[in-house]
Amino acid sequence: MPFEIHHQPFGAFTEYSIQNVETGEFVSLLPAHGAMVRQLVLRHQRSTQESKLVSLIRAPKSQQAVLADETHASALLFPFPSRIRHGIYAFEGEMFTLPMNEAHHDNAIHGFVFGKAFELYGQEISESEASLTLRYLHDGSYPGYPFPFEFRIRYTLSSAGLTVTYEARNTGNRTAPVSFGWHPYFTLNEEPVDQLTIELPAAKQVLLDDRLLPVGEEIFEQKGELSLRDRVLDAAFIVEENNGAGVTTVLRSAQQGLQLNVWQETGPGKFKYLVVYTPVGRDNIAIESLTSNVNALNNGQGLIVLEPNEVAKGTIRVSLS
């Protein structure tokens, strides 16, 4: 079989990798640190005779670098992505207060499964793909979120690229508010962002205030390929509906003759939102698929409400062409 699953030490962590030994493609994961993707390398087939491997994720080089990182690189954002104003929200007539972990804006941000230890829940290998499923159980004890859940993430490597599928089950005895996002920082072999272009599947842009919280929305008219040269982005978008067929954000390198495709599932309860962020270093770009808007625990935009034992799930795919 072309696919193999391995594990090896990464500092005190154990790093798991799914590899295609025929093509050299692989994805590596750190279950003990939020089930994050540390590395993703896919093959770009330039012609029938020529192909090359492309590094697609900004990869911390050591355990110390992983632990010191405060950018939520590759974080799984659950049970809420993005910001909650002051960490305070109301649900079914009751007020809740989350820890404010974004002090400079006085917000709670990006949920709380990032950095938590996930367990290896399952693995599968076939001729066409291999996958690892990781699981985190929440007992309801996190401050401000007394809603128990089972959260699973499945990473699948195939000839089509990397597929990321989440599944969240309400394991409590009352309804629970949830939403999910993924926070990868993408790179195209570390080519400067200013040399790249992006094409966004956005129907509307969310208008944000100085604390990066929503205050409205407007039609997004910048269709087609946009140059990233000197373009500073920390923006949220509502994506096109596209009849539930999913939408794709495209990051292109003219110099390398390739494009990164980040596809997100659309439809009821799926990935209706997108955040794009260009860090100060401008050597990578965050393309974040989200099921809900910023501050969704308060504004309800895209918020999923699960009955006891009900499941939410959705899929994101990363590929090269």
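Our subject is the structure listed above.
Since the structure is predicted, the reported quantities are computational estimates derived from the model, not experimental observations. (Residues numbered from 1 in each chain as written. Predicted model: local features only at pLDDT ≥ 70, side-chain atom pairs only at ≥ 80, totals over all residues. Heavy atoms only, no water.)

Enquirer: Can you tell me about the overall build of the chain, naming the residues and giving the values?
Expert: For the chain, the helix and strand inventory stands at 2 helices and 28 strands. Relative to a compact globule of 321 residues, whose C-alpha radius of gyration would be 20 Å, the chain shows 19 Å and is just as compact. The C-alpha extent of the chain, read off along each of the three principal axes, is 65 × 45 × 40 Å. When the 321 residues of the chain are sorted by exposure, 54% land in the buried category. (Helix = DSSP H or I, 4+ residues; strand = E, 2+ residues; numbered from the N terminus. Rg over C-alpha atoms; globule rule 2.2 N^0.38 Å. Buried < 20%, exposed > 50% of the residue type's maximum accessible area, 1.4 Å probe, protein only.)

Enquirer: Hey, could you go over the pairing of strand β20 (residues 214–219) for me, with residue numbers and the actual values?
Expert: As paired strands, strand β19 (residues 202–208) and β20 are joined by 5 bridges and run antiparallel to one another. Across the sheet, residue Val-206 finds its bridge partner in β20, namely Glu-217. Connecting the antiparallel pair β19 and β20 is a turn made up of 5 residues, with Leu-212 showing a positive phi of about 60 degrees. (Pairing = 2+ DSSP bridges.)

Enquirer: Which residues make up unusual backbone geometry, and what values do they have?
Expert: Backbone torsion omega between Phe-78 and Pro-79 reads 5 degrees, so that peptide bond is classified as cis. If you trace the backbone, Pro-79 turns up in the loop between β6 (75–77) and β7 (83–85). You will see that His-110, though not glycine, has its phi angle at about 65 degrees, which is positive. Tracing the sequence through the fold places His-110 in the loop between β10 (107–109) and β11 (119–125). Judged by relative accessible area, His-110 falls into the buried class, the value being 6%. In this structure, Asn-295 is a non-glycine residue whose phi angle is positive, near 65 degrees.

Enquirer: Report on the packing of aromatic side chains, specifying residues and quantitative values.
Expert: According to the stated counting rule, one finds 21 aromatic pairs in the structure shown. When the centroid spacing of 6.0 Å and the interplanar angle of 35 degrees are considered together, the rings of Phe-112 and Phe-149 count as tilted. Separated by 37 residues along the polypeptide, Phe-112 in the loop between β10 and β11 and Phe-149 in strand β13 (residues 149–158) bring together distant segments of the chain. The ring of Tyr-185 carries Arg-58 above its face, with NZ or CZ at 4.8 Å from the centroid. One residue, Arg-317, lies across the ring of Trp-263, its end atom 4.6 Å from the ring centre. (Phe/Tyr/Trp six-rings, centres within 6.5 Å; stacked < 30°, edge-to-face > 60°. Lys NZ or Arg CZ within 6 Å of the ring centre and 35° of its normal.)

Enquirer: Outline the sheet that holds strand β23 (residues 247–253), listing residues and values.
Expert: In space, the 9 strands of this open sheet follow the order β11-β12-β13-β14-β28-β24-β23-β18-β21, with antiparallel pairing throughout. Each edge of the open sheet is held by one strand with a lone partner, namely β11 and β21 (225–227). Neighbour to neighbour, the strand axes of the sheet diverge by 15 degrees on average, direction disregarded. Across 5 bridges, the pairing between strand β24 (residues 258–264) and strand β28 (residues 311–320) is antiparallel. From the neighbouring strand, Val-262 faces β28, where its bridge partner is Val-318. (Axes fitted to C-alpha atoms, helices over the stretch in contact; angles between N-to-C directions.)

Enquirer: I'd like a rundown of the side chain of Thr-291, residues and numbers included.
Expert: Of note, Thr-291 is situated in the loop between β26 (285–290) and α2 (296–299). Take Thr-291: its relative accessible area is 2%, and that puts it in the buried class. Dropping the residues within four chain positions of it, Thr-291 is found in contact with Tyr-166, Ser-179, Phe-180, Gly-269, Lys-270, Phe-271, Lys-272, Tyr-273, Gly-302 and Ile-304. (Contact = heavy atoms within 4.5 Å.)

Enquirer: Which residues make up the pairing of β23, and what values do they have?
Expert: When you tally the buried positions in β23, you get 5 out of 7 residues, the bulk of the element. By the bridge criterion, 7 bridges tie β23 to β24 in an arrangement that is antiparallel. Pairing of Val-250 across the sheet is with Asn-261, part of β24. Hairpin connection between β23 and β24: a loop of 4 residues separates the two successive antiparallel strands, and Gly-257 in this loop has a positive phi of roughly 65 degrees.

Enquirer: I'd love a proper account of the environment of Glu-127, names of residues and values included.
Expert: By the element assignment, Glu-127 lies in the loop between β11 and β12 (129–138). Along the backbone, Glu-127 and Phe-3 are 124 residues apart, and their C-alpha atoms lie at a distance of 7.0 Å. Ignoring anything within four residues of it in the chain, the contact list for Glu-127 reads Met-1, Pro-2 and Phe-3.

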